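A structural walkthrough
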Amino acid sequence: MAASSNSSLSGSSVSSDAEEYQPPIWKSYLYQLQQEAPRPKRIICPREVENRPKYYGREFHGIISREQADEILAGVEGAYILRESQRQPGCYTLALRFGNQTLNYRLFYDGKHFVGEKRFESIHDLVTDGLITLYIETKASEYISKMTTNPIYEHIGYATLLREKVSRRLSRTKNESRKASVTSEENTPVEKITSLVRRAALTQNDNHFNYEKAHNFKVHTFRGPHWCEYCANFMWGLIAQGVRCSDCGLNVHKQCSKYVPNDCQPDLKRIKRVYCCDLTTLVKAHNTQRPMVVDSCIREIEARGLKSEGLYRVSGFTEHIEDVKMAFDRDGDKADISASIYPDINIIAGALKLYFRDLPIPVITYDTYAKFIEAAKISNPDERLEAIHEVLMLLPAAHYETLRYLMIHLKKVTLHEKENFMNAENLGIVFGPTLMRPPEDSTLATLNDMRYQKLIVQILIENEDVLF
């Protein structure tokens, strides 16, 4: 992101033709206010204080009253001291002069100093951040309350050249490697793009599967000046100035994150593994309809394993299954799972089942689990089928597509029942607990629901052509 208030990308780094690129207009008002905020002024105690906590410095004045603190700080904006409470010995207070009055905050220490959510290495940093926040929220409260009303998020202009470069690179993912990222060759504009520009470029890519995905925002500390990619305003403070999506890298104010649409486009550079990764995140990062693990394993099984006795019931060697898992995590869709490497097809079948078991949110999601169980309990076959179909429609798009594709495959497995001895009921026993888990981690609930889990999968296999 930008280090200046005018743009995050210089025209020369994006395109030789300035007219082709329209940089974001980063709003500098809050940045200017941060520069104007009062600076901390530590008021040192003139005497040596006994029993001073080792994590406080000479700004600690011992047990003094609020009135005494007010006298010490009077007339010095940004001045601060630490004191021990008269009413509650052992409790400490930060007394801070701001706006011609003395503000008192209960002060805590757990290895870092804090008065609220933010934790600081030093009292000086805590006070600096506090003064910035107080000053900006005092001077610009109305501005802050309105800063989300006209976001740049949907209206920003982008260079046609930039869009084409990113889209062209991403579109290769279907034919070459789905590990392509939006970083491009050296000295090309794509290296410099913000996550906001990247999102717009991805949106322009017709080949990108448009599954809805919420952003995975986490509090983040930005080094150097940063601007919000939703509202274009400065992200003020010393630490924890905003949040960053750990999947796509979008940087926004915490308050702006509530307004960002569920349009996260995960960046492969941020997705460290294939197994144990959220299903929707994985398919969007790799630009595929389904997880490539599912496609690769099913393709291999259908090529050489449909007649294998006990397919999916017979276990492969655990070490070899782990090898396949590591290969996918390391190589993505380039992982070699051919017969020359893994002649036992049960290893590939085991790796596929392991992928489903390792999902943080099962294919049949926690949100729909209870509805599926209730549908399975319906005695009338036609009503039960209708109820299951209605619940299927509630699944996220990537989960629905993955389940659909798997059921088509398992139906093929049942067509070879004479050789593999695996009918829909047997596959239901295997895949029931693999595809659906109760939201609460309860052994009793799992045991009680097992027959319904089996029944759900059995019905999905037998009626895949009707239900999907």
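This text follows the structure it describes.
Residues numbered from 1 in each chain as written. Predicted model: local features only at pLDDT ≥ 70, side-chain atom pairs only at ≥ 80, totals over all residues. Heavy atoms only, no water.

1. Focus: the pairing of strand 3 (residues 79-84)
Condition: Under the scheme applied here, a residue whose accessible area is under 20% of the maximum for its type counts as buried, over 50% as exposed, and between as partly exposed, the area being computed with a 1.4 Å probe on protein chains only. By definition, any uninterrupted DSSP run of H or I lasting at least four residues is a helix, any uninterrupted run of E lasting at least two residues is a strand, and each is numbered from the N terminus. Two strands are counted as paired when DSSP detects at least two bridges linking them. Here is how to tell: hold the view so the strands point away, follow the path from the first strand over the helix to the second, and if it runs clockwise the crossover is right-handed.
Across the six residues that make up strand 3, a large majority, six, are buried. A two-sided burial pattern is seen for strand 3, the buried positions comprising Ala79, Ile81 and Arg83 on one face and Tyr80, Leu82 and Glu84 on the other. In this sheet, strand 3 lies alongside strand 1 (residues 41-42) in parallel orientation, the contact comprising two bridges. If you follow Lys41 over to strand 3, its bridge partner there is Ala79. Viewed along the sheet, the connection from strand 2 (residues 60-63) through helix 3 (residues 66-73) into strand 3 turns out right-handed. The pairing of strand 3 with strand 4 (residues 92-98) spans five bridges and is antiparallel. Residue pairing for strand 4: Glu84 is matched across the bridge by Tyr92.

2. Concerning the nonpolar core
Test applied: For the purposes of this section, nonpolar cores are sets of buried Ala, Val, Leu, Ile, Met, Phe, Trp, Tyr and Cys residues that join through side-chain atoms within 4.5 Å. Working rule for contacts: check all heavy atoms of both residues, and any pair within 4.5 Å makes them a contact.
In this structure, Tyr312, Phe328, Phe356 and Phe431 are the most contacted members of the largest nonpolar core, which totals 69 residues. For this core, the element with the highest residue contribution is helix 11 (residues 345-358), accounting for nine residues. For Tyr312, the contacting residues outside a window of four places in its chain are Ile301, Ala349, Leu352, Lys353, His409, Leu410, Val413, Leu427, Val430 and Phe431. In this structure, Tyr56, Phe98, Ala140 and Cys248 belong to the second largest nonpolar core, which totals 47 residues.

3. What about the layout of surface pockets?
Let me state the cut-off plainly: Space inside and on the surface of the protein is sampled on a 1 Å grid over the protein atoms alone, with a cavity defined as a set of points where a 1.4 Å probe fits but cannot get out and a pocket as an open set with protein on both sides within 12 Å along at least 5 of 7 lines; lining residues have an atom within 4 Å of a point. Grid points are joined across faces, edges and corners, and a volume is the space filled by probe spheres set on the points. Each residue is assigned to one of three groups, with Ala, Val, Leu, Ile, Met, Phe, Trp, Tyr, Cys and Pro labelled nonpolar, Asp, Glu, Lys and Arg labelled charged, and all others, Gly among them, labelled polar. Domain start and stop points were drawn from an automatic or database domain assignment.
Of the voids in this model, the largest pocket is the one considered here, and its volume is about 660 Å³. What lines the largest pocket is a set of 27 residues, and nearest its centre among them are Glu117, Lys118, Asp129, Thr133 and Ala240. Ranked by the residues each element gives to the lining of the largest pocket, the list is headed by helix 4 (residues 123-139), at seven residues. Looking at the lining of the largest pocket, its residues break down into 14 nonpolar, seven polar and six charged. Built from parts of two domains, the lining of the largest pocket gets at least three residues from each of domain 1 (34-146) and domain 2 (217-270).

4. Some details on helix 10 (residues 318-331)
Applicable threshold: To estimate the expected span of a helix, subtract one from its residue number and multiply by 1.5 Å.
Here helix 10 spans 20 Å end to end across 14 residues, near enough to the 20 Å set by a 1.5 Å rise per residue. Where helix 10 is buried, its residues contact helix 9 (292-304) and helix 11.

5. Regarding the pattern of salt bridges
Here is the rule we go by: The rule for a salt bridge is simple: a side-chain nitrogen of Lys or Arg has to be within 4 Å of a carboxyl oxygen of Asp or Glu.
Under the definition given, this model contains 20 salt bridges. Where Lys146 meets Glu142, a salt bridge forms, and the shortest distance between an N and an O atom there is 3.1 Å. Remark: Glu142 and Lys146 occur in helix 5 (residues 141-146); sequence separation between them is four residues, near one turn of the helix. Classification of Glu142 as exposed rests on a relative accessible area of 54%.

6. Remarks on the packing of helix 9 against helix 11
The line we're drawing: A fitted line through C-alpha atoms represents every axis, and for helices the fit uses only the stretch in contact; the resulting angles, taken between N-to-C directions, go from 0 to 180 degrees. Throughout this description, any angle smaller than 35 degrees is read as roughly parallel, any larger than 145 degrees as roughly antiparallel, any in the 65 to 115 degree range as roughly perpendicular, and the remainder as oblique. The handedness criterion is simple: a crossing whose near helix is rotated anticlockwise from the far helix by less than a right angle is left-handed, and one whose near helix is rotated clockwise is right-handed.
At their nearest, the axes of helix 9 and helix 11 sit 10 Å apart, and the two run at 155° to each other. With respect to helix 11, the element helix 9 is oriented roughly antiparallel. The chirality of how helix 9 crosses helix 11 is left-handed. Along its contact with helix 9, which presents Val293, Val294, Cys297, Ile298, Glu300, Ile301 and Arg304, the element helix 11 presents Ile345, Ile348, Ala349, Leu352, Tyr355 and Phe356. Of the residues contributing to the contact of helix 9 with helix 11, the split by class is 11 nonpolar, no polar and two charged.

7. Details of the sheet that holds strand 7 (residues 217-220)
Within the open sheet, the three strands sit side by side as 7-8-9. Their pairing is antiparallel. Both edges of this open sheet fall to strand 7 and strand 9 (251-252), since each of them pairs with a single strand only. Bridge count for strand 7 against strand 8 (residues 242-245) is four bridges, and the pairing is antiparallel. Across the sheet, residue Lys218 finds its bridge partner in strand 8, namely Arg244.

8. Concerning empty space enclosed by the protein
If you roll a probe as big as a water molecule over the atoms, it shows you where there is empty space left. Evaluated as defined, the whole model comprises two cavities of 30 Å³ or more. Taken as a whole, the second largest cavity encloses approximately 30 Å³ of empty space. Along the walls of the second largest cavity sit Cys45, Arg47, Glu48, Val49, Arg52, Arg58 and Phe60, which together make up its complete lining. Here the residues of the lining of the second largest cavity are counted per class, giving three nonpolar, no polar and four charged.

9. As for the environment of Leu403
With respect to the helices and strands, the residue Leu403 is situated in helix 14 (residues 397-414). Residue classification places Leu403 among the buried residues on the basis of a relative accessible area of 0%. Along the backbone, Leu403 and Leu392 are 11 residues apart, and their C-alpha atoms lie at a distance of 9.4 Å. Residues in contact with Leu403, not counting those within four places in the same chain, are Val363, Ile364, Leu392, Leu395, Leu435, Leu460 and Phe468.

10. Focus: the packing of aromatic side chains
How we decide: Only Phe, Tyr and Trp rings take part, Trp by its six-membered ring, and two of them pair if their centres are within 6.5 Å. Stacked means planes under 30 degrees apart, edge-to-face means over 60, and tilted covers everything else. Counted as over-ring charges are cases with an Arg CZ or a Lys NZ within 6 Å of the ring centre that also lie within 35 degrees of the ring normal.
Counted by the stated rule, this structure contains 15 aromatic pairs. With a centroid separation of 5.0 Å and 75° between ring planes, the pair formed by Tyr31 and Phe234 is classed as edge-to-face. Residue Tyr31 is found in helix 2 (residues 29-36), and its partner Phe234 is found in the loop between strand 7 and strand 8; the two are separated by 203 residues along the sequence. Among the residues examined, Tyr31 registers a relative accessible area of 24% and is labelled partly exposed. For the pair Tyr55 and Tyr109, a centre-to-centre distance of 4.1 Å together with 10° between the ring planes defines the contact as stacked. In this pair, Tyr55 is assigned in the loop between strand 1 and strand 2 and Tyr109 in strand 5 (residues 101-109), connecting sequence segments 54 residues apart. Judged by relative accessible area, which is 31%, Tyr55 ranks as partly exposed. Taken together, the aromatic side chains of Tyr55, Tyr56, Phe60, Tyr92 and Tyr109 make up a single cluster linked through ring pairs. Sitting over the face of the ring of Phe114, Arg119 holds its NZ or CZ atom 3.8 Å from the ring centroid. One Lys or Arg, Arg290, reaches over the ring of Tyr405 and ends 3.7 Å from the middle of that ring.

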